[in-house]
Amino acid sequence: VGSGQQISGKNAFGTCSYLVQSGWLMLRCQSDAGRTRGALGLLGRGMMICDLLPESFSPGSCEVVVKRDVSLIEIPSNALRKMLDEYPALWEPLMVALLDQEQAFFARVVGQLTGSASRRVAQTVLQYALLFGDRLGGEAGADLNLSQDELGMLLRLSRATVGREL
């Protein structure tokens, strides 16, 4: 899926879930009028996006937008539920993995919103570079293609503040 495209939670079979194989996506909140209010965070390799999320994550309130070309495994949700019902022992490890993923995600969101602007910018850039950045010739750095506007959305800071802190 190419950069800038929005991931829908539906396909020809109904609702669907996704497993991210490569690339990364941004989870953004929308107002009732459909305008972007802010970004919650980034989703990347190994993360699962599924319709088992709370109602507050419905397509009307949040959108998932591809930030860097992404490779996804699309899984019809009814097929996923059927498989889990046929093999009930798989429910617990899947739910534990999803809850761990959600806990880590929201811990990053809280870290993005607390503390001084300097600490929030530095911590967020470091965390996302480690999670989603591409290595540049070894350990020298990471390529995290995130604009100052996008970083400002994540941190609830203006682009000017982000630029000054960087």
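Heads up: these notes are all about the structure in this document. Along every chain, residues carry numbers that run from 1 in the direction the sequence is written. Selection of residues for local features in this predicted model requires a pLDDT of at least 70, selection of side-chain atom pairs for listing and counting requires 80 or more, and totals for whole chains, interfaces and linings are taken over all residues. The basis for the side-chain values is all heavy atoms of the structure; hydrogens and waters are excluded.

**Overview of the overall build of the protein**
Line of reasoning, step 1. Scanning the protein from N- to C-terminus turns up five helices and eight strands.
Line of reasoning, step 2. A total of 166 residues make up the protein; the buried ones form 37% of that total.
Line of reasoning, step 3. For the protein, the exposed area adds up to about 9300 Å²; of that, 56% sits on carbon and sulfur atoms. Labels follow the DSSP assignment, with helices taken as runs of H or I lasting at least four residues and strands as runs of E lasting at least two, numbered in each case from the N terminus. Whether a residue is buried, partly exposed or exposed follows from its accessible area with a 1.4 Å probe, protein chains only, as a fraction of its type maximum: under 20%, in between, or over 50%, in that order. Using a 1.4 Å probe, accessible areas were evaluated by the Shrake-Rupley method; residue-level cover was limited to the displayed protein chains.

**Re a nonpolar patch on the surface**
Line of reasoning, step 1. Residues enter patches when they are more than 30% accessible in relative terms and free of salt bridges; like-charged ones are connected within 9 Å and nonpolar ones (Val, Leu, Ile, Met, Phe, Trp, Tyr) within 5 Å. Only one rule defines a salt bridge in this text: a Lys or Arg side-chain nitrogen within 4 Å of an Asp or Glu carboxyl oxygen. Residues Met83, Tyr87 and Leu90 make up a contiguous nonpolar surface patch of about 290 Å² in total accessible area.
Line of reasoning, step 2. As for its placement among the helices and strands, Tyr87 is situated in the loop between α1 (77–86) and α2 (91–113).

**Looking at unusual backbone geometry**
Line of reasoning, step 1. A positive phi angle, close to 60°, is found at Arg156, a residue other than glycine.
Line of reasoning, step 2. Residue position: Arg156 is located in the loop between α4 (148–155) and α5 (159–165).
Line of reasoning, step 3. Take Arg156: its relative accessible area is 42%, and that puts it in the partly exposed class.

**A closer look at the nonpolar core**
A general tendency of soluble globular proteins is for nonpolar side chains to be buried together.
Line of reasoning, step 1. The set of buried Ala, Val, Leu, Ile, Met, Phe, Trp, Tyr and Cys residues whose side-chain atoms join them within 4.5 Å is what this entry labels a nonpolar core. The biggest cluster of nonpolar side chains holds 30 residues, and the ones touching the most others in it are Leu25, Leu43, Ile49, Val64 and Leu151.
Line of reasoning, step 2. When contributions to this core are tallied by element, the ones reaching two or more residues are β3 (14–30), β4 (36–44), β6 (62–76), α2, α3 (117–132) and α4.
Line of reasoning, step 3. With eight residues, β3 is the largest single contributor of residues to this core.
Line of reasoning, step 4. It only takes one pair of heavy atoms within 4.5 Å for two residues to be counted as in contact. Residues in contact with Val64, not counting those within four places in the same chain, are Gln5, Gln6, Ile7, Leu25, Met26, Leu27, Leu43 and Ile49.
Line of reasoning, step 5. The next biggest cluster of nonpolar side chains, apart from the first, holds six residues, and it includes Met48, Cys50, Leu80 and Leu84.

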